[in-house]
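A structural walkthrough
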Amino acid sequence: MSTNIKEGMLLGMGNPLLDILATVTPDFLTKFHLKANNAILADESHKSLVPEMVKNFSVEYIAGGSVQNTLRIAQWILKKPKVAAFFGCVGHDENGEIIKKKAVEAGINVQYQYSETMPTGTCAVLVTDNGCNRSLVADLSAANCFTSEHIKKPENKHLIENAQFFYISGFFLTVSQDTIQTVAKYAHEANRTLVMNLSAPFIVQVFKDGMMAAMPYVDILFGNETEALALAKELDFGTTNLEEIALKIAQLKKAGSKSRMVVITQGHDPVILVKDGTLKTYPVEQLAEGKIVDTNGAGDAFVGGFLAQLIQGKDVDSCVKCAIWSATHVIQQSGCAFDSSLQYFG
């Protein structure tokens, strides 16, 4: 590990959620009008979803939320506590305590905002097709209560000023766009690196304006193939070729002189990366089908591995290599989990 790594170099903002995970039948997805590989926000029609999951299937509880997952992975690889700090909102309840305990154990400097009225958010993770697909149904609850007042507190303002890299999920656009804009503008003015994730097709469809308001400040953008295709459709790119889409995203309006890096993952197909207008692809390690336990968390793990190398000043090839290694390990576990004794040597 690089000796240049300092506490608080990486600051993440997102929705802390308790993942409730189960392998379910396709009929169960159909009952709740869910797609096999998708992410949505829960509504009234999903009220009985979790109780029925618990009743009919073997359920596992995992402290999650996309950004926290990514930071846990980065911390695992870096093996130095409190390199990453995290902002998000939870409730004053047992689930909130579980999430905090798991995050702190992973080495994250957790600085939650607390809701006095809402419970900690949850995310139902419904796994199908031998672990190859997962349908996410998020009930944000307290996570939806995050306000920009939290980042104005002196101790949190200090964490923002101390950070060299910021990571924000697209999911956070549903919660606090003004916080994203404040941090994005600060990152630009202070010459820090802002990393964002498209997160889900519905984000770019429903919250396109918020995404495009932040886009000029985004130095590195992550997304998978379905998210990239959704963005291309919303922005009338006129193509479904992912390499062309990556190049077009990189060319979207950008503040300052730095060019935007774009990283698109495609499951077991090659990773597409655009840097300084040049496109490159990276092959992904192919696992035997029997080794894949659960693809939930693969994207979060990929970004965690990438960021762990990026903040050490490693080159892009090294970042992608670690990202693929992280994702490959995590899909052999249930949920976004890992063997903490493993060490990454690059």
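Predicted model, so just to flag it, every value in this text is computed and none were measured.

Analysis parameters
Residues numbered from 1 in each chain as written. Predicted model: local features only at pLDDT ≥ 70, side-chain atom pairs only at ≥ 80, totals over all residues. Heavy atoms only, no water. Helix = DSSP H or I, 4+ residues; strand = E, 2+ residues; numbered from the N terminus. Polar contact = N/O pair within 3.5 Å; in protein donor to acceptor, adjacent residues only side chain to side chain. Axes fitted to C-alpha atoms, helices over the stretch in contact; angles between N-to-C directions. Left-handed = near helix turned anticlockwise from the far one by under 90°. Contact = heavy atoms within 4.5 Å. Nonpolar A, V, L, I, M, F, W, Y, C, P; charged D, E, K, R; others polar. Pairing = 2+ DSSP bridges. Salt bridge = Lys/Arg side-chain N within 4 Å of Asp/Glu carboxyl O. Buried < 20%, exposed > 50% of the residue type's maximum accessible area, 1.4 Å probe, protein only. Right-handed = clockwise from strand over helix to strand, strands pointing away. UniProt positions renumbered as here; feature names shortened; annotations may be inferred.

A word on the side chain of Asn 133. Among the secondary structure elements, Asn 133 is positioned in strand 8 (residues 133-139). Only 2.6 Å separates the side chain of Asn 133 from the side chain of Asp 129, close enough to count as a polar contact.

Now for the packing of helix 11 (residues 298-310) against helix 12 (residues 316-330). When two helices pack together, their arrangement is given by the angle between the helix axes and by the axis-to-axis distance. Across the interface, helix 11 lies against helix 12 with an axial gap of 7 Å and an inter-helix angle of 145°. Classified by chirality, the crossing of helix 12 by helix 11 is right-handed. The residues of helix 12 that touch helix 11, namely those facing Ala 298, Ala 301, Phe 302, Gly 305, Phe 306, Gln 309 and Leu 310, are Ser 318, Cys 319, Val 320, Cys 322, Ala 323, Ile 324, Ser 326, Ala 327 and Val 330. In terms of residue class, the contact of helix 11 with helix 12 is made up of twelve nonpolar, four polar and no charged.

Turning our eyes to something else, we now look at the sheet that holds strand 7 (residues 121-128). An order of 3-8-7-2-4 is seen for the five strands of this open sheet, with the pairing classed as mixed. The open sheet has two edge strands with one neighbour each: strand 3 (38-41) and strand 4 (60-64). This sheet shows a mean twist of 20° between the axes of neighbouring strands, independent of strand direction. Pairing analysis gives seven bridges linking strand 2 (residues 17-23) to strand 7, with the strands arranged parallel. Bridging across to strand 7, Leu 21 finds its partner in Val 125. Against the sheet, helix 2 (residues 49-56) makes contact with strand 2, strand 4, strand 7 and strand 8, and its axis sits at roughly 50° relative to strand 7, the strand it touches most.

Tallied over the entire structure, the rule returns eight salt bridges. Of the charged contacts in the structure, one is a salt bridge between Lys 101 and Glu 105, with a shortest N-O distance of 2.8 Å. Pair noted here: Lys 101 and Glu 105 are both in helix 4 (residues 94-105), with a separation of four residues, about one helical turn. The two residues Lys 101 and Glu 105 agree in class, both being exposed. Across the pair Asp 317 and Lys 280 runs a salt bridge whose closest N-O atoms are separated by 3.1 Å. Within this pair, whereas Asp 317 is found in helix 12, its partner Lys 280 is found in strand 14 (residues 278-282), the two being separated by 37 residues in sequence. Owing to a relative accessible area of 37%, Lys 280 belongs among the partly exposed residues under this scheme. Shared partners join several salt bridges into a network, and the residues in it are Asp 219, Lys 254 and Lys 258.

Turning our eyes to something else, we now look at the pairing of strand 9 (residues 165-169). Most of strand 9 sits inside the fold, with five of its five residues counted as buried. Burial of the side chains of strand 9 extends over both faces: Phe 165, Tyr 167 and Ser 169 are buried on one face and Phe 166 and Ile 168 on the other. Taken together, strand 9, helix 6 (residues 177-189) and strand 10 (residues 193-197) form a β-α-β motif whose crossover is right-handed.

Attention now moves to the UniProt feature "active site" (unreviewed entry) in the protein chain. Within this structure's numbering, the places UniProt gives as "active site" (unreviewed entry) are Asp 300. Relative to the assigned elements, Asp 300 resides in helix 11. By relative accessible area, Asp 300 is classed as buried at 14%. With residues up to four places along the chain from it excluded, the contact list for Asp 300 reads Ser 66, Asn 69, Thr 70 and Cys 336. A polar contact of 2.9 Å, which involves the side chain of Asp 300, links it to the side chain of Ser 66.

Where helix 9 (residues 225-234) meets helix 10 (residues 242-250), the closest approach of the two axes is 10 Å, and the angle between their N-to-C directions is 65°. Helix 10 is crossed by helix 9, and the crossing has left-handed handedness. Listed contacts from helix 10 to Glu 225, Ala 228, Leu 229, Leu 231 and Ala 232 of helix 9 are Leu 242, Ile 245 and Ile 249. When grouped by side-chain class, the residues that make up the contact of helix 9 with helix 10 number seven nonpolar, no polar and one charged.

Here we take up the sheet that holds strand 12 (residues 261-266). Here nine strands make up an open sheet; going across it, the order is 6-5-1-9-10-11-12-13-14 and the pairing mixed. Because the sheet does not close on itself, it has two edges, and the strands there are strand 6 (109-115) and strand 14. Shown here is a sheet whose adjacent strand axes are inclined to one another by a mean of 15°, direction ignored. Pairing between strand 1 (residues 10-13) and strand 5 (residues 84-91): four bridges, direction parallel. Counterpart to Met 13 in the pairing with strand 5 is Phe 87. Packed on one face of the sheet, helix 3 (residues 66-78) meets strand 1, strand 5, strand 6 and strand 9 and runs near 145° to strand 5. Helix 6 rests against strand 1, strand 9 and strand 10 of the sheet, and its axis sits at about 155° to strand 9.

Moving on: helix 9. Counting along an α-helix, one turn takes 3.6 residues, and residues three or four places apart therefore face a common direction. All buried positions along helix 9 are accounted for by Glu 227, Ala 228, Ala 230, Leu 231 and Ala 232. The inward-facing, buried residues of helix 9 contact strand 10, helix 7 (201-206), strand 11 (220-224), helix 10 and strand 12. Count one or two residues on from helix 9 and you reach Asp 236, which has phi positive near 55°.

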